[in-house]
Amino acid sequence: MTLEELAARTEIHDVLLRYCRGLDRIDMSLVRGAFHKDAYIHFPESLHVGGAEGFFQFLTDEMPRFERTMHFLGNSLVEFDGPEIAYVETYLQADHEASDRHHWKGDTVKLWARYFDRFERRDGVWLIAERRLMVDWMYRYPKGNFFDDHPDASNTRRDGTDRVLRKVAGYSGTPTAEKSLADA
């Protein structure tokens, strides 16, 4: 494995992570940033099959209907088809707590699925050119069975103010003045 291939794998993995953060924080700029402008998305037909702009509109409408979501990525196999194309299968578990505005009416649905992505490196940047969501199975938890006995610990924010969305300096930048995550 070459250093270039290791760097490509890291870039691809970071794209996948930013996409999930974008979903969970309802930050569509992060979601958009994971895809080439001409990307094609194959989600279940009841959700979206088509171009990236329609997909972003679907998510812009859908994600605020959830009280909270949490997307976990698991195994991720990157297979290169030359220096500019990679096929990536990534296991996914996602929890969606629906609001009363969603057709699940307050229930929580857990999804076990896989993303199968075609990544392309264009102008030196790896992004998703085509995505297929393969749902393996789902489970619906009825409303009212979850509890939180630590209400002060429930700080999930989906309005753009979540601490993790603050920009940091990057590897070669000037470090931020923050020394603690206590104010997160």
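A brief structural summary. (Residues numbered from 1 in each chain as written. Predicted model: local features only at pLDDT ≥ 70, side-chain atom pairs only at ≥ 80, totals over all residues. Heavy atoms only, no water.)

### Overview of helix H3 (residues 52–62)
- By the burial criterion, the buried members of H3 are Ala52, Phe55, Phe56, Phe58, Leu59 and Glu62. Buried residues along H3 cover an arc of 160 degrees about the axis, so they all sit on one side.
- Buried positions along H3 lie against helix H1 (3–24), helix H2 (28–32), strand S1 (35–42), strand S2 (49–51) and strand S3 (66–80). (Buried < 20%, exposed > 50% of the residue type's maximum accessible area, 1.4 Å probe, protein only. Helix = DSSP H or I, 4+ residues; strand = E, 2+ residues; numbered from the N terminus. Arc of directions from axis to C-beta. Contact = heavy atoms within 4.5 Å.)

### Points about the packing of aromatic side chains
- Tallied over the entire structure, the rule returns 11 aromatic pairs.
- Both rings, one in Trp112 and one in Trp137, keep their centres 5.1 Å apart while their planes meet at 25 degrees; by these two values the pair is stacked. Of this pair, Trp112 sits in strand S5 (residues 108–122) while Trp137 sits in strand S6 (residues 125–141); the two residues are 25 residues apart in sequence, bridging distant segments of the chain.
- On the accessibility criterion, Trp112 (19% relative accessible area) is buried.
- Connected via pairs of aromatic rings, a cluster forms that spans Tyr19, Phe35, Phe43, Phe55, Phe56 and Tyr115.
- Note that Arg131 overlies the ring of Tyr19, its terminal NZ or CZ placed 4.4 Å from the centroid.
- Over the ring of Tyr115 we find Arg131, and its NZ or CZ is 3.7 Å from the ring centre. (Phe/Tyr/Trp six-rings, centres within 6.5 Å; stacked < 30°, edge-to-face > 60°. Lys NZ or Arg CZ within 6 Å of the ring centre and 35° of its normal.)

### Some remarks on the environment of Leu16
- Among the secondary structure elements, Leu16 is positioned in helix H1.
- For Leu16, the residues in contact, after removing those within four places along its chain, are Leu73, Ser76, Val88, Thr90, Asp117, Phe119 and Arg131.

### Observations regarding the environment of Glu89
- Along the chain, Glu89 falls in strand S4 (residues 85–98).
- Residue class for Glu89 comes out partly exposed when judged on its relative accessible area of 22%.
- Residues Glu89 and Val78, spaced 11 residues apart in sequence, show a C-alpha to C-alpha distance of 6.8 Å.
- Setting aside anything within four residues of it in sequence, one finds Glu89 in contact with Asn75, Ser76, Leu77, Arg114, Tyr115 and Phe116.

### What to know about the sheet that holds S2
- Within the open sheet, the 6 strands sit side by side as S2-S1-S6-S5-S4-S3. Their pairing is mixed. The open sheet is flanked by S2 and S3, the only strands paired with a single partner. This sheet shows a mean twist of 20 degrees between the axes of neighbouring strands, independent of strand direction.
- Taken together, the 12 bridges between S3 and S4 define a ladder with antiparallel strand orientation. Bridge pairing in S4 places Glu79 opposite Tyr87.
- Where H3 meets the sheet, it contacts S1, S2 and S3, and its direction lies at approximately 75 degrees from that of S1. (Pairing = 2+ DSSP bridges. Axes fitted to C-alpha atoms, helices over the stretch in contact; angles between N-to-C directions.)

### Comments concerning the pairing of S5
- A large share of S5 lies buried, amounting to 12 of its 15 residues.
- Pairing of S4 with S5 involves 13 bridges; the strand directions are antiparallel. Its bridge partner lying in S5, Ala86 is registered against Phe119.
- Hairpin connection, S5 to S6: the antiparallel pair is bridged by 2 residues, and Asp123 has positive phi, about 50 degrees.

Coordinates in, geometry out; function isn't part of it.
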